[in-house]
Amino acid sequence: MGFGRLLKVGKAQFEKVLLGLIKRKNYDVHYSYTNMDYYISGDDATLNILQQAITG
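Just so it is clear, the model here is predicted, and its values are computed rather than measured.

A. Molecular detail of the packing of helix α1 (residues 11-25) against helix α2 (residues 44-55). With their axes 10 Å apart at the nearest point, α1 and α2 run at an angle of 140° to one another. Between α1 and α2, the interaxial angle falls into the category oblique. Note that α1 runs across α2; the crossing there is right-handed. Seen from α1, the contacting residues are Q13, V17, L18, L21 and I22; seen from α2, they are I49, L50, A53 and I54. By residue class, the composition of the contact of α1 with α2 is 8 nonpolar, 1 polar and no charged.

Dropping the structure here:
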């Protein structure tokens, strides 16, 4: 499984939406934190789901 794509999100989005979703669904993603932004890497299908969760 490749990690070819990065999803950049704000801190509030990450903490409110994505962290719970990632933990609940146990997605295979990696995330790093720099300058108030979180970068999430994962496969396309997972990142699409997370992107939809943010945009609602």
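Here the narrative resumes, following the displayed structure.
B. Up close: the pattern of salt bridges. This structure, assessed with the given rule, holds 2 salt bridges. The shortest N-O distance in the salt bridge between K8 and D37 comes to 3.6 Å. Placement of K8 in strand β1 (residues 5-10) and of D37 in strand β3 (residues 37-42) is noted, with a sequence separation of 29 residues between them. Measuring nitrogen to oxygen at the nearest pair gives 3.7 Å for the salt bridge that ties K11 to E15. Highlighted residues: K11 and E15, both in helix α1, separated by 4 residues, approximately one helical turn.

C. The arrangement of α1 in detail. Between the first and last C-alpha of α1 there are 20 Å, a value that for 15 residues agrees with the 21 Å anticipated at 1.5 Å per step. Where α1 bends most, the angle comes to about 40°, and this point is L18. Tucked inside the fold, the buried residues of α1 contact β1, β2 (30-34), β3 and α2. Looking one or two places after α1, you find N26, whose phi comes out positive at around 55°.

Thresholds, definitions, all that
- Residues numbered from 1 in each chain as written.
- Predicted model: local features only at pLDDT ≥ 70, side-chain atom pairs only at ≥ 80, totals over all residues.
- Heavy atoms only, no water.
- Axes fitted to C-alpha atoms, helices over the stretch in contact; angles between N-to-C directions.
- Helix = DSSP H or I, 4+ residues; strand = E, 2+ residues; numbered from the N terminus.
- Parallel < 35°, antiparallel > 145°, perpendicular 65-115°, else oblique.
- Left-handed = near helix turned anticlockwise from the far one by under 90°.
- Contact = heavy atoms within 4.5 Å.
- Nonpolar A, V, L, I, M, F, W, Y, C, P; charged D, E, K, R; others polar.
- Salt bridge = Lys/Arg side-chain N within 4 Å of Asp/Glu carboxyl O.
- Expected span 1.5 Å × (residues − 1).
- Bend = angle between axes of the 7 residues up to and from the residue.

Keep in mind these numbers describe shape, not what the thing actually does.
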